[in-house]
Amino acid sequence: MAKPFKRLLITGAAGRLGSVLRQALATQADTLRLSDIESLGPLAEHEEGCQCDLGDYEAVLPLLEGVDAVVHAGGVPLEDTFAKLLNGNIVGTYNIYEAARRHGVKRVIYTSSNHAIGFYDRTEVLDASVPHRPDTLYGLTKCFAEDLGRYYWDKFGIESVNIRIGSSFEQPLDRRMLATWLSFGDFAQLVERALLAPRVAHMIVYGMSNNRETLWDNHQARSLGFVPQDSAEAYREQVEAQHPPLRHDEPAARFHGGNFAGAGHFED
Ligand code: 15L
């Protein structure tokens, strides 16, 4: 059967989530073009690879040539020095959008993060329309990327789905992740829905599984047809046995972004 796309680009394809997409999106495109600053390892027949720094525009420009859409998962995935965040997440994301514009690529799926809204108190359940409230410089770069996507939609008609990922790991690793967990399978499904939906304009959604305990109202993701199949509840007993309850005044218990909100300035 014909696949929906001829060629998709995945940035950050050697990373934890990029590797999930490298497997999952093979069913969606004849060719996957992969990029990462790290080695991509051996390439399969349906893969093209380019090891490069997203901060280097000359390297990024040809990546976008001839692709139907891009899943932009590259960049710095945690709090870091401002210099690294600036290059990987701010310059790098600008380079992706600008190269997309130059080559007429019409859709970007971006792996944003809950740390764009990490300083909200956990007593508030948020939908994706709340104003940004970053908990780190890392979170602030995610806010920039979400707004950059809005600008490229309003001005140039390039569509984006910004997925504010909670915690995407094999399984929830602590008590906070009982609310924020996104299974790899649900992550892959959400990216597929974002790629295949007929019209998305500029959207922000949360990347979360069907967890009983929740911090986010994810109706925007449901409008893409996303129906999460997994729940952190299956791991509750195990997680609670391994991790003692948090005190209410600890950042991990107080804020959406957990310990990111409680951390000091990275370079101090
Ligand atoms: C993120 O944005 C990180 O990339 C990931 O490693 C987790 O720490 C996650 O947030 C989280 O909030 O659990």
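Above this text sits the structure in question.
Calculation criteria
Residues numbered from 1 in each chain as written. Predicted model: local features only at pLDDT ≥ 70, side-chain atom pairs only at ≥ 80, totals over all residues. Heavy atoms only, no water. Near = heavy atom within 4 Å. Polar contact = N/O pair within 3.5 Å; in protein donor to acceptor, adjacent residues only side chain to side chain. Areas by Shrake-Rupley, 256 points an atom, 1.4 Å probe, with all protein chains shown as cover. Nonpolar A, V, L, I, M, F, W, Y, C, P; charged D, E, K, R; others polar. Salt bridge = Lys/Arg side-chain N within 4 Å of Asp/Glu carboxyl O. Helix = DSSP H or I, 4+ residues; strand = E, 2+ residues; numbered from the N terminus. Buried < 20%, exposed > 50% of the residue type's maximum accessible area, 1.4 Å probe, protein only. Pairing = 2+ DSSP bridges. Right-handed = clockwise from strand over helix to strand, strands pointing away. 1 Å grid on protein atoms, 1.4 Å probe; cavity = no way out; pocket = protein on both sides within 12 Å on 5 of 7 lines; lining within 4 Å. Points joined across faces, edges and corners; volume = space filled by probe spheres on them. Axes fitted to C-alpha atoms, helices over the stretch in contact; angles between N-to-C directions. Parallel < 35°, antiparallel > 145°, perpendicular 65-115°, else oblique. Left-handed = near helix turned anticlockwise from the far one by under 90°. Contact = heavy atoms within 4.5 Å. Core = buried A, V, L, I, M, F, W, Y, C linked by side-chain atoms within 4.5 Å.

### Thoughts on the site of the ligand
Link 1 in the chain: The ligand sits among 13 residues. The nearest are Pro77, Ser113, His115, Tyr138 and Ser167.
Link 2 in the chain: One of the backbone N or O atoms of Pro77 is found 2.6 Å from an oxygen atom in the ligand.
Link 3 in the chain: Between the ligand and the protein, one listed contact pairs an oxygen atom with a side-chain N or O atom of Ser167 at 2.6 Å.
Link 4 in the chain: For the ligand, the accessible surface in isolation is 320 Å², of which the surrounding protein chains cover 86%.
Link 5 in the chain: Along the lines of polarity and charge, the residues of the shell around the ligand split into 6 nonpolar, 5 polar and 2 charged.

### Brief notes about the pattern of salt bridges
Link 1 in the chain: Inspection of the entire model under this criterion finds 14 salt bridges.
Link 2 in the chain: Arg102 serves as the salt-bridge partner of Glu98, at 3.4 Å between the closest nitrogen and oxygen. Of the two residues, Glu98 and Arg102 both sit in helix H3 (residues 82–103), 4 residues apart, roughly one turn of that helix.
Link 3 in the chain: Here Glu98 falls in the buried class, since its relative accessible area comes to 6%.
Link 4 in the chain: For Arg102, a relative accessible area of 55% corresponds to the exposed category.
Link 5 in the chain: Between Glu159 and Arg107 there is a salt bridge, and its shortest N-O distance comes to 2.7 Å. In this pair, Glu159 is assigned in strand S6 (residues 159–165) and Arg107 in strand S5 (residues 107–113), connecting sequence segments 52 residues apart.

### Remarks on the pairing of strand S1 (residues 5–11)
Link 1 in the chain: Counting buried residues in S1 gives 5 out of 7 residues, a clear majority hidden from the surface.
Link 2 in the chain: Pairing analysis gives 6 bridges linking S1 to strand S2 (residues 29–36), with the strands arranged parallel. Looking at S2, one finds that Phe5 is bridged to Ala29.
Link 3 in the chain: For the handedness criterion, the β-α-β arrangement of S1, helix H1 (residues 16–24) and S2 is classed as right-handed.
Link 4 in the chain: Pairing geometry for S1 and strand S4 (residues 69–72), over 4 bridges, is parallel. Counterpart to Ile10 in the pairing with S4 is Val71.

### With respect to the layout of surface pockets
Link 1 in the chain: Looking at the largest pocket, its volume works out to about 1000 Å³.
Link 2 in the chain: Lining the largest pocket are 45 residues, with Arg16, Val76, Pro77, Leu78 and Tyr138 positioned closest to its centre.
Link 3 in the chain: For the lining of the largest pocket, the secondary structure elements donating two or more residues are H1, S2, H3, S5, helix H4 (137–156) and helix H10 (259–262).
Link 4 in the chain: Of the residues that constitute the lining of the largest pocket, the class distribution is 17 nonpolar, 19 polar and 9 charged.
Link 5 in the chain: Along the wall of the second largest pocket there are 15 residues; nearest its centre are Arg122, Glu213, Leu246, His248 and Ala253.
Link 6 in the chain: Those elements that provide at least two residues to the lining of the second largest pocket are helix H8 (236–242) and helix H9 (251–254).
Link 7 in the chain: Broken down by element, the residue count for the lining of the second largest pocket peaks at 3 residues, all from H9.
Link 8 in the chain: Of the residues contributing to the lining of the second largest pocket, the split by class is 5 nonpolar, 2 polar and 8 charged.

### Concerning the packing of H3 against H4
Relative placement of two packed helices is described by the angle separating their axes and the distance separating the axes.
Link 1 in the chain: H4 packs onto H3 with a crossing angle of 15° between their chain directions and a minimal axis gap of 10 Å. Judged on the interaxial angle alone, H4 and H3 are roughly parallel. In the packing of H3 onto H4, the handedness of the crossing is right-handed. Where H3 approaches H4, its residues Phe82, Leu85, Asn89, Ile90, Thr93, Tyr94, Tyr97, Glu98 and Arg101 are matched on the opposing element by Leu137, Tyr138, Thr141, Phe144, Ala145, Leu148, Gly149, Tyr152 and Phe156.

### Side note on the nonpolar core
Link 1 in the chain: Ranked by size, the top nonpolar core spans 34 residues in total, and within it Leu25, Val191, Leu195 and Leu224 carry the most contacts.
Link 2 in the chain: Elements with a contribution of two residues or more to this core: S1, H1, S2, S4, S6, helix H6 (184–196) and strand S7 (202–207).
Link 3 in the chain: Looking at this core, the element that brings in the most residues is H6, giving 6 residues.
Link 4 in the chain: Here Leu195 is in contact with Phe5, Leu8, Leu25, Ala69, Val71, Arg107 and Ile109, once residues within four sequence places are set aside.

### Let's talk about H1
Link 1 in the chain: Residues Leu17, Gly18, Val20, Leu21, Arg22 and Ala24 constitute the buried set of H1.
Link 2 in the chain: Tucked inside the fold, the buried residues of H1 contact S1, S2, strand S3 (47–51), S4, S6 and H6.

Such coordinate-based values are descriptive only and should not be taken to indicate function.
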